[in-house]
Amino acid sequence: MMGSNREAHAKIRQAVLLAATVAGLGASVHAEPVTVQNYEEASSLPVPWVVNMPNENAVVRMSIDHPQAGQGCVKLHYRFTDSGKFQYLGIPNKVTLRAESHTLRFWLRGDNSKVSYGLQVSDASGETHQYGKNSGQGGVVDFNGWKEIIIDLDSGHEKWGGDKNGKLDYPITSIVYTVGQPMENGRAMAAEGDLSFDSLSLDPSKYVGPQIAVLSPDYCVTLEGNTPISLSAPGFPSVTARCWKQGDGFGVDAIVAEVILDAEGKGSFVFPAKDYPHGPVTLRIIGENGSAKDTCYFQLYNQGGVSWNEGQPKDPPQAAGMKLVFADDFDSPLSISTTDTNAVYFDHKPGGGDFSTLPFSGYHSAKNPFQQVGTYLRIRASEKDHSAGLISSLRNDGRGIKAGIPCYFECRFLGPNAIGTWPAFWLMSDWEHPQGHQGPCDELDIIEAYGGEGPHEPNAHDRYGITPHAWNQGDAGKAIETAAQHESRSPVSMKKAGIPSTWYETFHVYGCLVTETDTVYYCDNREIARHKTMPVSKQRPFFFMINLATGGGWPVDLSRYNGRADMYVDYVRLYQGRP
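Read on for an overview of the structure. (Residues numbered from 1 in each chain as written. Predicted model: local features only at pLDDT ≥ 70, side-chain atom pairs only at ≥ 80, totals over all residues. Heavy atoms only, no water.)

**Here's the deal with the sheet that holds strand β21 (residues 266–272)**
Rules: Each pair of strands is called paired provided DSSP finds at least two bridges between the two strands. A helix here means a DSSP run of H or I that spans at least four residues, while a strand means a run of E at least two residues long, and both kinds are numbered starting from the N terminus. Axis geometry follows a simple rule: fit a line to the C-alpha atoms, using only the stretch in contact for helices, then measure angles between N-to-C directions, giving values from 0 to 180 degrees.
In spatial order, the strands read β16-β18-β21; together these three strands make up an open sheet with antiparallel pairing. Among the strands making up the open sheet, the edge pair consists of β16 (213–216) and β21. In this sheet, neighbouring strand axes are inclined to one another by 40 degrees on average, regardless of whether the strands run parallel or antiparallel. Across three bridges, the pairing between β16 and strand β18 (residues 226–232) is antiparallel. By the bridge assignment, V214 is partnered in β18 with L231.

**Looking at the sheet that holds strand β22 (residues 279–289)**
Spatially, five strands are ordered β17-β23-β22-β19-β20 in an open sheet, and the strand pairing comes out mixed. Each edge of the open sheet carries a strand with a single partner, namely β17 (221–223) and β20 (252–260). Within the sheet, the average angular offset between the axes of one strand and its neighbour, ignoring direction, is 35 degrees. Relative to strand β23 (residues 292–302), β22 runs antiparallel, the two sharing 11 bridges. Note on β23: the bridge partner recorded for N289 is A292.

**Structural notes on the environment of V556**
In plain terms, the rule: Relative accessibility thresholds used throughout: buried, under 20% of the residue-type maximum; exposed, over 50%; partly exposed, between the two (1.4 Å probe, protein chains only). Working rule for contacts: check all heavy atoms of both residues, and any pair within 4.5 Å makes them a contact.
Note that V556 resides in the loop between β38 (542–550) and β39 (564–576). Residue classification places V556 among the partly exposed residues on the basis of a relative accessible area of 26%. Separated by 255 residues in sequence, V556 and Y301 have C-alpha atoms that sit 24 Å apart. Every residue in contact with V556, bar those within four places of it in the chain, is listed here: T357, E383, I419, G420, T550 and G551.

**Describing the pattern of salt bridges**
To be explicit about the condition: The term salt bridge refers to a side-chain nitrogen of Lys or Arg lying within 4 Å of a carboxyl oxygen of Asp or Glu.
Per the counting criterion, the structure on display carries 19 salt bridges. For R573, the salt bridge identified is with E410, shortest N-O distance 2.8 Å. Placement of R573 in strand β39 and of E410 in strand β30 (residues 407–414) is noted, with a sequence separation of 163 residues between them. Note on E410: relative accessible area 2%, which makes it buried. Connected via shared salt-bridge partners are R242, D253, R284 and E505.

Here's what the structure looks like:
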């Protein structure tokens, strides 16, 4: 997983975190292309239209035949005849693109048929912008195999319809691949063949659209009592502030305030902190205006408020008959170190392989990401300090806190939903092997969550990854890993499990029970996934890691939150069925 095998993890990430939706809003600049459509799902199959030719002469289907990337692409079978008027067709892709761009890209698998290709782009006003051979864009399929086609949206092109202002008015609502019959000496020629399309993307210059910002107090603030919150949300007539609140069962998603904004998009409300949970809290400030939507996640620490489910419960339901091996309520001074062999936690991934784009930093360093706040461990990702944090119950010398099957691990935490944040609670089997951590090892990702909403973001919402791995075990291990991942059916949906709030809205308890036969994953004591216990898991004890990393293949941008995001850990504990 995390830094252990980048290629393997990239593949898992795609399965876990779904294709990034491009309909959201943001304010970040990303150099890499934003994927618009990768044709990995049958629901993405476009329906072609035709001009001067029968419908049956243009057939589009999903294909797994030599995709440019991923597992699939769109394949067109066309048939142009040499009679009648000029024939052409279009393959439309419905989109809502708020990412202002100068360049669109797609991959075309040619058949050297000399048919023409181009793009039609429809904007918010209904104006069509056509980029084809006649205007110096697009071209002729005079090649075989895959070729990346790059369309300069700022270049001269044909335009018609809509408001006729000649400009691309965002959002873009449709992108159409166009294919026309070949021409020879001014004469339309017959042609029949196959073309494939894949990896439609854009190069964003900036993301346009309204965005909510808290003006005061600062993000990640500590507060108490009635606290005025000032905000700016130009483009929205009003916003709604919500916060998860104590109550029976899972509590309630309470409306804190409905805020009508002034002509400049500014407004304020009072957060009555005394009426909400004590400790770490996330206010969600939500704006909607037609198709424009945005949510600002305002993290804070409530020094007052109502104690709700804080600390370890007396008995974990999944560990009946087991012995408590270790527990930490984080109500004592932190014991974290890179070098001290007497410290409870090591602050890097044992054996090497740190994987965060903002580096994991030591507790005793100037960039220390760890702090005890009340009875919580706070792990901070900071762009200013260029740091993030991980704690491991196993030290680099192979000693530490661990448990073998049957065993149960549990952690209660609240993660951030900021662009590129990557909170996780996970297990790895330790090693007694001449190659150390390069030997056979199992990994169980109890929760692997990805933050960020909007274009080119994970948009995980209530979902998170549960991912088993069998490292360094050859082809047999790969087969075992694939079977376990298939059984776990990741990503999991909290709401489908009957849990109404998400991993970034309020605290949840994440657990993993490993027995001789089954490995079972829980959220708030509800089974959420399971698979057969893998062989190495039966042989070697596990240690745990808790981290707030950044990256995982996704862009990282914490600027919206003044360069920081916090993960709060309430407690962690583990049980074992034998002394």
